[in-house]
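# Summary of the model geometry
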There are 6 protein chains.
Amino acid sequence: MSHQISVFDEAIERLNLYAAKANIDPQTAKMLLHPMATLETHIAVRMDNGELRYFPAYRCRYNDTLGPTKGGVRFHPSVTEDEVKALALWMSIKCAALGLPFGGGKGGVQVDPKALSKLELERLSRGYIRSMSGFIGPDIDIPAPDVYTNERIMGWMDNEYRMLFPAVGQSTVTGKPVALGGTLGRQDATGRGTYLCAMQLARQLNLEPDKITVAVQGFGNGGYHCARLLSEAGFCIVAVSDSKGGILSNSGLDIPSIHQFK
Amino acid sequence: MSHQISVFDEAIERLNLYAAKANIDPQTAKMLLHPMATLETHIAVRMDNGELRYFPAYRCRYNDTLGPTKGGVRFHPSVTEDEVKALALWMSIKCAALGLPFGGGKGGVQVDPKALSKLELERLSRGYIRSMSGFIGPDIDIPAPDVYTNERIMGWMDNEYRMLFPAVGQSTVTGKPVALGGTLGRQDATGRGTYLCAMQLARQLNLEPDKITVAVQGFGNGGYHCARLLSEAGFCIVAVSDSKGGILSNSGLDIPSIHQFK
Amino acid sequence: MSHQISVFDEAIERLNLYAAKANIDPQTAKMLLHPMATLETHIAVRMDNGELRYFPAYRCRYNDTLGPTKGGVRFHPSVTEDEVKALALWMSIKCAALGLPFGGGKGGVQVDPKALSKLELERLSRGYIRSMSGFIGPDIDIPAPDVYTNERIMGWMDNEYRMLFPAVGQSTVTGKPVALGGTLGRQDATGRGTYLCAMQLARQLNLEPDKITVAVQGFGNGGYHCARLLSEAGFCIVAVSDSKGGILSNSGLDIPSIHQFK
Amino acid sequence: MSHQISVFDEAIERLNLYAAKANIDPQTAKMLLHPMATLETHIAVRMDNGELRYFPAYRCRYNDTLGPTKGGVRFHPSVTEDEVKALALWMSIKCAALGLPFGGGKGGVQVDPKALSKLELERLSRGYIRSMSGFIGPDIDIPAPDVYTNERIMGWMDNEYRMLFPAVGQSTVTGKPVALGGTLGRQDATGRGTYLCAMQLARQLNLEPDKITVAVQGFGNGGYHCARLLSEAGFCIVAVSDSKGGILSNSGLDIPSIHQFK
Amino acid sequence: MSHQISVFDEAIERLNLYAAKANIDPQTAKMLLHPMATLETHIAVRMDNGELRYFPAYRCRYNDTLGPTKGGVRFHPSVTEDEVKALALWMSIKCAALGLPFGGGKGGVQVDPKALSKLELERLSRGYIRSMSGFIGPDIDIPAPDVYTNERIMGWMDNEYRMLFPAVGQSTVTGKPVALGGTLGRQDATGRGTYLCAMQLARQLNLEPDKITVAVQGFGNGGYHCARLLSEAGFCIVAVSDSKGGILSNSGLDIPSIHQFK
Amino acid sequence: MSHQISVFDEAIERLNLYAAKANIDPQTAKMLLHPMATLETHIAVRMDNGELRYFPAYRCRYNDTLGPTKGGVRFHPSVTEDEVKALALWMSIKCAALGLPFGGGKGGVQVDPKALSKLELERLSRGYIRSMSGFIGPDIDIPAPDVYTNERIMGWMDNEYRMLFPAVGQSTVTGKPVALGGTLGRQDATGRGTYLCAMQLARQLNLEPDKITVAVQGFGNGGYHCARLLSEAGFCIVAVSDSKGGILSNSGLDIPSIHQFK
């Protein structure tokens, strides 16, 4: 448990450090030290074999001064309340830094989603929304996909929310399929963001893309699109890796082939 | 932190022990191992000196199978999320054991209420209801007084809830002043309960009250009324104590005088 | 207008006088000097001849410390906002004096109900509920019949409220027909109250009913039942009067006959 | 289809007949000729084999003049919208005849419940509540058990409603298990009602119970308890039957044994 | 009745035919075979002569996968539940085919609107919204004008909805007058759609508008604007007709004059 | 009191005058003669010295035919219910004249805001929202700043409303700080409006700005920005004044210096 606690404590330490560097008034900085509200629930899921299992689930609404809180929901065995709080803090900072009308939130379920059948995963996803139903909403807190949650899962979540609150409509969950009201461009948004930052950096440092070699750590949805876009812009992607291994080629990799192979 | 965790772990251990002794089906017992929902917030209170302070506050709705959850809110520096969960578990058991149509809940604020002014205490009490507002209600979860929360504090809480939800009325908070819709007999209910158990035990063991000596540990609202009623029934109260000290007399104590003196 | 203002000013003056006599702490008395909330609306009614007319309508929720406010709605040409406030103040005092869990309220429409057709009266009654809909409710404010409003009118009002808020049911309006959920005994409750007071007074003063002569001013619903009950108890009713005239008989009146005649 | 239509048409015909016999004013009688609101939905149920099946489901709120509508939900292959309307009409009459503060309603699902697994039945029951959720509620319409719906099914329904509307609590569905807030005496209420009528009839006709022979058609929950109570009161039960067969004994049957055997 | 049933059965037959032609997966096609929810009510309208009449009214929410359902309300003596379902099915297909974020719905009242006075029509229109109030809303189901319902009727409906749900505002009903928040261009939208299709067809078939003769069947709001726009674009309108008759001229008709004449 | 009444009476008189001049149909004009709804409350504020004071507060929703009502809240000792009604009437006319989808409203508190401490002012502002909470909202009535209410006050009001109705978000109060969701350009909008009217007038009258002298009465937020913009456009500002005095210079004033000085 000591390990998990330090995740949030470390985040607060870093926040204090930067607040001091930026000469932020301590009374103001203090407002960011305490998560506004954190809800812990246990989701009961009927497994395919008839057994009832309980999964710890969390949602943290860190700070909503700038607008409804917003942040992903991750499904991972290592999820803890402490990690969710730390990530919600960083979401608050990220939204504020970009001038978005959103506060920061985050959620997660302590589960190995790869060990669940598709129907079990659906029941867990719907159960997450049920157990958090009074805590989320278009003007309260807006869940999004995160580690091991994808379009289909967000579609289930959105559908469950609509059943609970028919009058609210399809604005509570982002990252759902485009056909069900999802956002165009959502698919490669994370990768494109990294790519745009790299482009901007190259411009500021006056570097030629084709003289820069790039290694991409993590070749999931974000990493793939980032690598693809950088590659299309002339950068030389020499290495990519994911949780199962990596591939290296000094003369540059063919990203679409690797993606297809994967 | 390790200390706090063990409070709830110990409670679960004891629950498992008794469930095994009582031959309760493991699938059923499992339902009691996980608190349904626990909300952690931080209440911002403007102190009389202008400073803004944040107090960690908790509310656990352990299990609502039998009805809306019910349980006290304590104001104490040693309150932790873990303790609140353990107490909410015991409330679930207590309500079920008595056949009441209630589930178990509990809440608390990590604060030394004696260090607050009356106005600061009012702001904290109202802040508790504000930060928990979507989590409580007459058919959801019903707060009650507990350690260092009294009639006046429950009156503030009830008033705050009525402002937030005028259509719900006065049924959300128990233990408020009788004039504001509180329950008759609430004042000495806890002490009277202990007294009735003692009477029943004496009857079953065929003991004469006046031959039994009694020591009362904790001479707050519960302890005083228990001592008073036992004394009136002929028991011999030889000792009472509270957080500041104790008093002993082998020939029996005059409870009303001690109470008045205190 | 100056006239109307004095109705409420007079009421406050009287309140201050009694509060001083009763040695009530000025800070507490102050709480009763200001009506909590008063809503003025204009009800648009389509008359039978096609014309649209607007009627000023009021509802005052004077003080809800003791519970939801409660009070009648009168339909009368002389109704003013000021009068409604004054009557709502006295309702607050009356409920408190009897230890009822209700605060005081009152309402009215400036209209001569006798000049309306039955369908116009229905539209006005339903319009009253529509225009006050967010201001009333079983745990907020509970209208009742008053001068020139009766069972049928309350039935329309209750029906209108149920259409607006189907989930709330039949608890918002009292004084409706018993078949629609009205209260048994409501019919003669006002008159019976006066009768019970008279009986109590006679008992305390050691008077024989049949030696007391009674004059009843106002022979509407309240006055008739009071006269009937006093008469049945042996009191000698020598005079009754209403807005159109009066009748006197030193040897006592036969109340049922007079009622039937009327 | 023509068959189903006639169920309701027949009911209306009979109603008109009795209204005429009872000299009820035609304008009033007319109010009972049209069901206020009937909702038809299709419940999607994921079968154990992965297939998605749709079941037609109905709920009729016939007339709510006297209070929230009330009536059972039946699960049967022969359920039609027409039949549900007819039964809801009779519920309106029954509640009115007894002076209960309820209007009449009824619901049903066109399904052979015996062909479903227990988990499929749970999903169907919960789906019924979901698809009717805005149409029912403690002050709107209150479902109860009926043909082939029992305590367990009502428990699922109540649980589903509480998830959708946590603030409403346990008052929406009757006939649930006593431990979950069900009504004491619900189990044998239908049978006891019939038994009480029989007793009253015997008394009025001046008959000796032990000289009366009784045949019970339908030996489900209602029939069994009726037979049991009549038998205990001395009536001679000579025959009982259900959908699978019957049993006859001129010397009288031992009801408890037959029930146990079944 | 058999007639009406076949309207929907025919629609389903045609749907199955096209689904098979388009090679749509049967499990997916199945989702379109059952209307999600259909509400039948009877609207009580007080006629100008004092009589109370009941009109059958329907609203079908066929499928809301793509967003809130949307569709017109028709007032016509031939309206049946079956027809409403069939039209709601086609609305679902139409919205999906155009990629609109709407599902399909439809409504209707079985009434001859030409036989009602203006005030009776207003009461009927408002009654429709009252009886469907929990079934519609900006994110649930959005009524629009259809056969024999116009701007004024939609204005009444919108006004009634705002009285019932003041917090929802003016987004529930489309087709209301522009001054009350209606859509610019709504007036000729239906006709303009047909006109645009005709223009597109002419372009694809390489036809000169002035060499094409056009006959317009139905010269209501849709037909008139279509004829007007086609005429302005050079098409030769040789015939128009409505429920009362038709007019033919091989040399082309002057649409504005005909419209004015009508 | 007679004085205050005339404010509204005068407004109605002027309205009747213009309606007659504009040949508006009397039945239509009549609709503007009666404020739809006016709420009077008394806000209890705990002063810094511990005393409880009550401030009369008003909100008038004059007419919402064109959309949710909209209008400022003023804090001034001379605020009366009558003035608030008159101003709400003019807001209705102003919104309609500009074709905005808003009706007219207005509010105010009878208080000298300069006599309150910052914390007292915060409590009063929050109290205003609490006491009007059921009367306002994004689709009902939208408060804005007015005399002696500013960005900070609107920020408190918005924050209070979000606490009461978390699901509604930040759309209820306008004029709040941009960082909290306020409107860009709000700061100088009032002044810019006047400036644009002046520019338009000059253009129509064919006047050269630099040949026009301008005197600005009231040098608060509106007056300052108007003077600044006119001055930047070449107009010659010869005089400005506020509640404390004025300044005159025939050769023109340097507006920024005066603003800074103030």
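Before reading on, note that the structure itself is shown above.
Residues numbered from 1 in each chain as written. Chains lettered and ligands numbered in written order. Predicted model: local features only at pLDDT ≥ 70, side-chain atom pairs only at ≥ 80, totals over all residues. Heavy atoms only, no water.

## Focus: the interface of chain F and chain E
So the rule is basically this: Contact criterion: two residues are considered in contact whenever any of their non-hydrogen atoms come within 4.5 Å of each other. Summed over both partners, the accessible area (1.4 Å probe) lost when two parts come together is defined as the buried area. Just to be clear on terms, a salt bridge is a Lys or Arg side-chain nitrogen sitting within 4 Å of an Asp or Glu carboxyl oxygen. Any pair of N or O atoms that falls within 3.5 Å is considered a polar contact. Within protein, one atom must be able to donate a hydrogen and the other to accept it, and sequence-neighbouring residues count only if both atoms are side-chain atoms. Three classes are used, and their members are as follows: Ala, Val, Leu, Ile, Met, Phe, Trp, Tyr, Cys and Pro are nonpolar, Asp, Glu, Lys and Arg are charged, and the others, Gly among them, are polar.
Counting from both sides, the interface comprises seven residues of chain F and, opposite them, eight residues of chain E. Summed over both sides, the interface between chain F and chain E buries roughly 540 Å², with carbon and sulfur atoms accounting for 44% of that surface. Along the contact surface separating chain F from chain E lie one salt bridge. The partner of Asp64 of chain F in a salt bridge is Arg162 of chain E, and the shortest N-O contact between them spans 3.3 Å. Counting across the interface, chain F meets chain E through one residue pair in polar contact (both at pLDDT 80 or more). For the side of chain F that touches chain E, the residue count by class is three nonpolar, two polar and two charged.

## Observations concerning the pairing of strand β2 (residues 52-63) of chain F
Residue and element names in this part refer to chain F. To keep things clear, this is the line we draw: Exposure is judged per residue with a 1.4 Å probe applied to protein chains only, and the accessible area is read against the type maximum: over 50% gives exposed, under 20% gives buried, and values in between give partly exposed. A helix here means a DSSP run of H or I that spans at least four residues, while a strand means a run of E at least two residues long, and both kinds are numbered starting from the N terminus. In short, DSSP must find at least two bridges between two strands for them to pair.
Of all 12 residues making up β2, 11 are buried, and the element is well covered by its neighbours. Relative to β2, strand β1 (residues 37-46) is paired through 10 bridges, and the arrangement is antiparallel. Note that in β2 the partner of Ile43 across the bridge is Phe55. Hairpin connection from β1 to β2: five residues lie between these consecutive antiparallel strands, with Gly50 at a positive phi of about 95°. In this structure, β2 lies alongside strand β4 (residues 103-110), joined through six bridges in antiparallel fashion. For Arg59, the partnering residue across the bridge sits in β4 and is Gly107.

## Topic: the relation of the copies chain F and chain C
Just so we agree on the cut-off: Overlaid copies result from least-squares superposition on C-alpha atoms, with residues included only where pLDDT is at least 70 in both.
With an RMSD of 0.1 Å, chain F superimposes on chain C once it is rotated by 180° and translated 0.0 Å along the axis. The transformation just described matches what one would write down for a two-fold rotation axis. For chain F, the minimum C-alpha distance to the rotation axis belongs to Leu39 of chain F and amounts to 2.2 Å. Interface residue correspondence from chain F to chain C reaches 100%, placing this contact among same-surface, isologous pairings.

## Remarks on the sheet that holds strand β6 (residues 213-217) of chain A
All names here are of chain A. Put simply, the rule reads: Between the N-to-C directions of two axes lies an angle of 0 to 180 degrees, each axis being a line fitted to C-alpha atoms and, for a helix, fitted only over the stretch in contact.
The three strands lie next to each other as β6-β7-β8, forming an open sheet whose pairing is mixed. Each edge of the open sheet is held by one strand with a lone partner, namely β6 and β8 (245-248). Ignoring which end each strand starts from, the neighbouring axes of this sheet average 15° apart. Sheet analysis places strand β7 (residues 236-242) next to β8, joined by four bridges and oriented antiparallel. Bridged to Asp242 within β8 is Gly245.

## Examining the state of the cysteines
Linking two cysteines covalently via their sulfur atoms produces the bond known as a disulfide. Rules: Disulfides are defined as pairs of cysteine sulfur atoms found within 2.5 Å of each other.
The full count for this structure, using the stated rule, is zero disulfides over all chains. Between Cys95 of chain A, a cysteine without a disulfide, and Cys60 of chain A, which holds the nearest cysteine sulfur, the sulfur-to-sulfur distance is 13 Å. Sulfur of Cys236 of chain C: no disulfide; nearest cysteine sulfur belongs to Cys226 of chain C and is 14 Å away.

## Some thoughts on the pattern of salt bridges
Scanning the model with the defined rule gives 102 salt bridges over all chains in all. With a shortest N-O distance of 2.9 Å, Arg130 of chain C and Glu160 of chain C are connected by a salt bridge. Of this pair, Arg130 of chain C sits in helix α4 (residues 118-132) while Glu160 of chain C is found in helix α5 (residues 151-164), placing the two residues 30 residues apart along the sequence. Judged by relative accessible area, which is 2%, Glu160 of chain C ranks as buried. Among the ionic pairs, Lys106 of chain D bridges to Asp146 of chain D, the shortest N-O distance being 2.6 Å.

## Structural notes on the relation of the copies chain F and chain E
Superposing chain F onto chain E takes a rotation of 120° plus a shift of 0.0 Å along the axis, which leaves an RMSD of 0.1 Å. Between the two chains, the operation in question is that of a three-fold axis. Every residue of chain F has its C-alpha some distance from the rotation axis, and the shortest such distance is that of Val168 of chain F, at 6.3 Å.

## A closer look at the interface of chain F and chain C
Often, the extent of an interface is quoted as the loss of accessible area upon association of its parts. Across the contact, 21 residues belong to chain F and 21 residues belong to chain C. Carbon and sulfur atoms make up 53% of the area that chain F and chain C hide from each other, which totals about 1,800 Å². On the chain F side of the interface with chain C, the three residues burying the most area are Glu40, His42 and Tyr54 of chain F, jointly 27% of the side's total. Here chain F and chain C share four salt bridges between them. Between Lys30 of chain F and Glu51 of chain C there is a salt bridge, with the nearest N and O atoms lying 3.2 Å from each other. Taken together, the links from chain F to chain C amount to 12 residue pairs in polar contact (both at pLDDT 80 or more). Of all the secondary-structure elements, those providing two or more residues to the side of chain F that touches chain C are α2 (26-30), β1, β2 and α3 (81-97) of chain F. The element best represented in the side of chain F that touches chain C is β1 of chain F, accounting for six residues. Along the lines of polarity and charge, the residues of the side of chain F that touches chain C split into 10 nonpolar, five polar and six charged. Of the strand pairs in this sheet, strand β1 (residues 37-46) of chain C and β1 of chain F are connected by five bridges, and their pairing is antiparallel. Counted as the bridge partner of Glu40 of chain C is Thr38 of chain F from β1 of chain F.

## Focus: the arrangement of the chains
With no contact formed, the shortest span from any C-alpha in chain A to any C-alpha in chain C equals 16 Å. At their nearest point, the C-alpha atoms of chain D and chain F are still 16 Å apart, with no contact between the two.

## So, the packing of aromatic side chains
Worth spelling out the cut-off: Classification of ring pairs rests on two measures: the distance between centres of Phe, Tyr or Trp rings, Trp counted by its six-membered ring, which must be within 6.5 Å, and the angle between planes, read as stacked under 30 degrees, edge-to-face over 60 and tilted in between. Comment: the charge-over-ring label is applied if NZ (Lys) or CZ (Arg) is within 6 Å of the ring centre and within 35 degrees of the ring normal.
Applying the stated criterion to the full structure yields 18 aromatic pairs over all chains. Taking the centre distance of 5.9 Å and the plane angle of 75° together, the rings of Phe219 of chain A and Tyr224 of chain A count as edge-to-face. Taking relative accessible area as the criterion, Tyr224 of chain A reaches 11% and is therefore assigned buried. The lysine or arginine in question, Lys85 of chain C, covers the ring of Phe8 of chain C, its NZ or CZ lying 5.9 Å from the ring centre.

## Some points on helix α6 (residues 189-205) of chain F
All names here are of chain F. So the rule is basically this: Multiplying one less than the number of residues by 1.5 Å gives the expected span of a helix. The reported arc concerns the directions from the helix axis to the C-beta atoms and nothing else.
Here α6 is 17 residues long and its end C-alpha atoms lie 24 Å apart, about the 24 Å a rise of 1.5 Å per residue gives. Taken residue by residue, α6 has Gly191, Tyr195 and Ala202 as its buried positions. Along α6, the residues classed as buried sweep out an arc of 35° about the axis, all on the same side. The exposed residues of α6 that point more than 90 degrees off its buried face are Cys197, Arg203 and Gln204. Tucked into the core, α6 has its buried residues touching α7 (221-232). Just past α6, the residue Asn206 takes up positive phi, approximately 60°.

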